[in-house]
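The chain contents come next:
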Amino acid sequence: MIPLSSQLPGDMVYIKATGENSAEMVTDEGAIYITSNKGYNWKAAIQETVSATLNRTVSSGISGASYYTGTFSTVNRSPDGRYVAVSSRGNFYLTWEPGQAYWQPHNRAVARRIQSMGWRSDGGLWLLVRGGGLYLSKGTGLTEDFEEVSVQSRGFGILDVGYRSQDEAWAAGGSGILLKTTNGGKTWIRDKAADNIAANLYSVKFINDNQGFVLGNDGVLLKYLG
């Protein structure tokens, strides 16, 4: 066990092994640290916390920034090392990519507050709103322009999305809802595999093309079978 400094800003919410000896760590206050020696030493990849960034750019026009409580609700990393994070209230989101000195805040492009965000396999973003609703960013680059996608979630909120490939992805949510797309997210169909599971499904992760899992409450774990 390698202890972390008590002076670390925030609590660790995300860690990703990026190689045999390297990893990245993110705290809920937006600090990003990188190690290249198996975690014995960590180097800051960002110069200031999100609170400091928002205080410095208070006139940037980010709606809801003045209500920021200083923490993230979700953080997701793309395969090429970019991050997207949602503010704890869900009223705006932030992005960061290697080489940037601080997080870039963005106004949310939808009326309802954000539940979660993540990266598609093509480099674009997906966005879930509280109370249900799935949006995809237009194009493959970073943009604040999103469009809603119709999903049949039976009235239950979608909690996470995981892309297996550029075309195939899975979405999971409340009361065992499980959805699948084979065209990059344009259309979704319900998969009945989880209909009889009395659990909320809140995390979808694909390790590679053949290994994927859906995690739910009460110890529920689904494995991708193809």
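As a reminder, the structure under discussion sits directly above these lines.
Here is what the cut-offs are and how they apply
Residues numbered from 1 in each chain as written. Predicted model: local features only at pLDDT ≥ 70, side-chain atom pairs only at ≥ 80, totals over all residues. Heavy atoms only, no water. Pairing = 2+ DSSP bridges. Helix = DSSP H or I, 4+ residues; strand = E, 2+ residues; numbered from the N terminus. Phe/Tyr/Trp six-rings, centres within 6.5 Å; stacked < 30°, edge-to-face > 60°. Buried < 20%, exposed > 50% of the residue type's maximum accessible area, 1.4 Å probe, protein only. Contact = heavy atoms within 4.5 Å. 1 Å grid on protein atoms, 1.4 Å probe; cavity = no way out; pocket = protein on both sides within 12 Å on 5 of 7 lines; lining within 4 Å. Points joined across faces, edges and corners; volume = space filled by probe spheres on them. Nonpolar A, V, L, I, M, F, W, Y, C, P; charged D, E, K, R; others polar. Salt bridge = Lys/Arg side-chain N within 4 Å of Asp/Glu carboxyl O.

(A) Highlighting the sheet that holds strand β3 (residues 32-35). One open sheet holds the four strands; their spatial order is β1-β2-β3-β4, and the pairing between them is antiparallel. Because the sheet does not close on itself, it has two edges, and the strands there are β1 (12-17) and β4 (43-44).

(B) A look at the packing of aromatic side chains. According to the stated counting rule, one finds seven aromatic pairs in the structure shown. Seen in terms of ring centroids, Tyr-83 and Trp-96 are 6.1 Å apart; in terms of plane orientation they differ by 45°. Their pairing is tilted. Here Tyr-83, found in strand β6 (residues 83-87), pairs with Trp-96, found in strand β7 (residues 92-96); they are 13 residues apart in sequence, far enough to count as distant. For the pair Tyr-83 and Trp-96, one class covers both residues: buried. Their ring planes at 75° and their centres at 5.4 Å tell us that Phe-206 and Tyr-224 sit as a pair that is edge-to-face. Taken together, the residues span a long stretch of sequence, with Phe-206 in strand β17 (residues 201-206) and Tyr-224 in the segment after β19 (221-223) at a distance of 18 residues.

(C) Main features of the environment of Gly-90. With respect to the helices and strands, the residue Gly-90 is situated in the loop between β6 and β7. Classification of Gly-90 by relative accessible area gives buried; the value is 0%. Residues Gly-90 and Ser-73 lie 17 residues apart in sequence; the distance between their C-alpha atoms is 7.6 Å. What Gly-90 contacts, discounting residues up to four positions off in sequence, is Arg-108, Arg-113, Ile-114 and Arg-130.

(D) Broad picture of the layout of surface pockets. In this model, the largest pocket occupies a volume close to 1000 Å³. Taken together, 33 residues line the largest pocket, and the ones lying closest to its centre are Tyr-14, Asn-76, Arg-77, Val-204 and Lys-205. Where the lining of the largest pocket is concerned, the elements lending two or more residues are β1, β5 (72-77), β9 (114-119), β13 (158-163) and β17. The element contributing the most residues to the lining of the largest pocket is β5, with six residues. A breakdown of the residues in the lining of the largest pocket according to their chemical character gives 14 nonpolar, eleven polar and eight charged. Here the second largest pocket defines a volume of roughly 270 Å³. Of the residues belonging to the lining of the second largest pocket, the class tally is ten nonpolar, two polar and four charged.

(E) Quick look at the pattern of salt bridges. For the structure on display, the rule yields six salt bridges. Residue Lys-138 pairs with Asp-145 through a salt bridge whose shortest N-O separation is 3.7 Å. Taking the relative accessible area as the measure of exposure, Lys-138 reaches 41% and is therefore partly exposed. Note that Arg-190 is salt-bridged to Asp-195, the shortest N-O span being 2.5 Å.

(F) Local environment of the sheet that holds strand β16 (residues 189-190). Pairing is antiparallel in the open sheet, where four strands are placed in the order β13-β14-β15-β16. This sheet does not close on itself; its edge strands, each paired only once, are β13 and β16. Bridge count between strand β14 (residues 169-173) and strand β15 (residues 178-181): four bridges; the pairing is antiparallel. By the bridge assignment for β15, Ala-171 is matched with Leu-179.

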